[in-house]
Amino acid sequence: MALRFAKRITEYRLAKDLFTRGKEIILSPEAQDMKNYIQHGETTVFEHCVAVAKYSLLMAYFLERTLKINVDKDSLVRGALLHDYFLYDWHIKDQSRRFHGFRHPGIAKRNADRDFDLNDIEKDIISKHMFPLTPFLPMHRESYIVSIADKWCALAETFKIDVSSYIIYRINFRIALANGEYSIDYGETAIEV
Ligand SMILES: [Fe+2]
Ligand SMILES: [Fe+2]
């Protein structure tokens with residue numbers, strides 16, 4: 001019970017940190033378009049990117065606290081959130097989507113570059129996240145972190161292992177709050193005489 005509570009608090013803080021760092025992307029209608037496409041199993045591309053950002057951030061905490069290795073966590077989260085920003089359904093087979101596995105990092109980077117103001121680390125994260133499938137060596141430690149988190153999340157989603165439903169719920173709650181789709185009624189709206 002206490003362990004479950006501690007885990008929930010940790011996840012709550014993690015969701016808050018992730019949202020704060022990735023707010024500009026998370027709240028943009030462009031990034032939310034990723035909700036319209038499926039990545040693995042029943043997971044949307046948007047949910048997959050949130051899950052990858054979560055595990056990237058967890059790895060960054062570990063590296064900083066345990067090994068004293070600094071990580072640019074803002075760029076890490078933003079890059080993770082946009083790493084699969086290719087904006088099409090890769091399950092539909094057509095000529096232009098051939099070799100999706102090899103080509104989508106470049107497409108995602110071009111789309112992200114068009115819609116957001118990216119720094120070099122964020123661009124590197126997006127375009128190199130399929131390493132070693134794509135032979136371009138990541139230039140920043142943040143890119144390696146996202147690449148590892150991506151593989152773990154892809155595996156979990158394919159085998160339907162729930163590793164991120166709580167953080168996705170928290171992020172969607174924050175989006176609803178920011179869009180004014182959720183309000184708290186304190187019972188002051190109607191007074192019966
Ligand atoms: Fe990808
Ligand atoms: Fe991915």
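Above this text you will find the structure in question.
The structure reproduced in this document is the subject of the present report. (Residues numbered from 1 in each chain as written. Chains lettered and ligands numbered in written order. Predicted model: local features only at pLDDT ≥ 70, side-chain atom pairs only at ≥ 80, totals over all residues.)

### So, the overall build of the protein chain
Assigned secondary structure in the protein chain consists of eight helices and two strands. For the protein chain, whose C-alpha radius of gyration is 18 Å, the value lies close to the compact-globule estimate of 16 Å for 193 residues. Summarising its shape, the C-alpha atoms of the protein chain cover approximately 70 × 45 × 35 Å along the three principal directions. Taken across its 193 residues, the protein chain has 34% of its residues classed as buried. Look at the contacts in the protein chain between residues 6 or more apart in sequence, and 65% of them connect residues 24 or more apart. (Helix = DSSP H or I, 4+ residues; strand = E, 2+ residues; numbered from the N terminus. Rg over C-alpha atoms; globule rule 2.2 N^0.38 Å. Buried ≥ 20, exposed ≤ 12 C-beta atoms within 10 Å, placed from the backbone. Contact = placed C-beta atoms within 7 Å.)

### Some words on the packing of helix α1 (residues 2–26) against helix α4 (residues 73–82)
Between α1 and α4, the least distance of the axes is 9 Å, while the angle of their chain directions is 50°. Between α1 and α4, the crossing angle belongs to the class labelled oblique. For the pair α1 and α4, the sense of crossing is right-handed. For the pair formed by α1 and α4, the contact residues are L18, R21, G22, I25 and I26 on the first element and K73, D74, V77, R78, L81 and L82 on the second. (Axes fitted to C-alpha atoms, helices over the stretch in contact; angles between N-to-C directions. Parallel < 35°, antiparallel > 145°, perpendicular 65-115°, else oblique. Left-handed = near helix turned anticlockwise from the far one by under 90°.)

### Some words on the packing of α4 against helix α6 (residues 120–128)
Packing of α4 against α6 brings their axes to within 8 Å, and their N-to-C directions diverge by 35°. In this structure, α4 meets α6 at a crossing whose hand is right-handed. The residues of α6 that touch α4, namely those facing S75, R78, G79, A80 and L82, are I121, E122, I125 and I126. Here the residues of the contact of α4 with α6 sort into five nonpolar, two polar and two charged. (Nonpolar A, V, L, I, M, F, W, Y, C, P; charged D, E, K, R; others polar.)

### Some words on the nonpolar core
In terms of nonpolar packing, the biggest core is built from 37 residues, with C49, V52, A53, L76, A80, L81 and A149 touching the most fellow members. The greatest single-element share of this core, amounting to eleven residues, is contributed by helix α3 (residues 45–66). Setting aside anything within four residues of it in sequence, one finds L81 in contact with G22, I25, I26, A31, C49 and A53. (Core = buried A, V, L, I, M, F, W, Y, C linked by C-beta atoms within 7 Å.)

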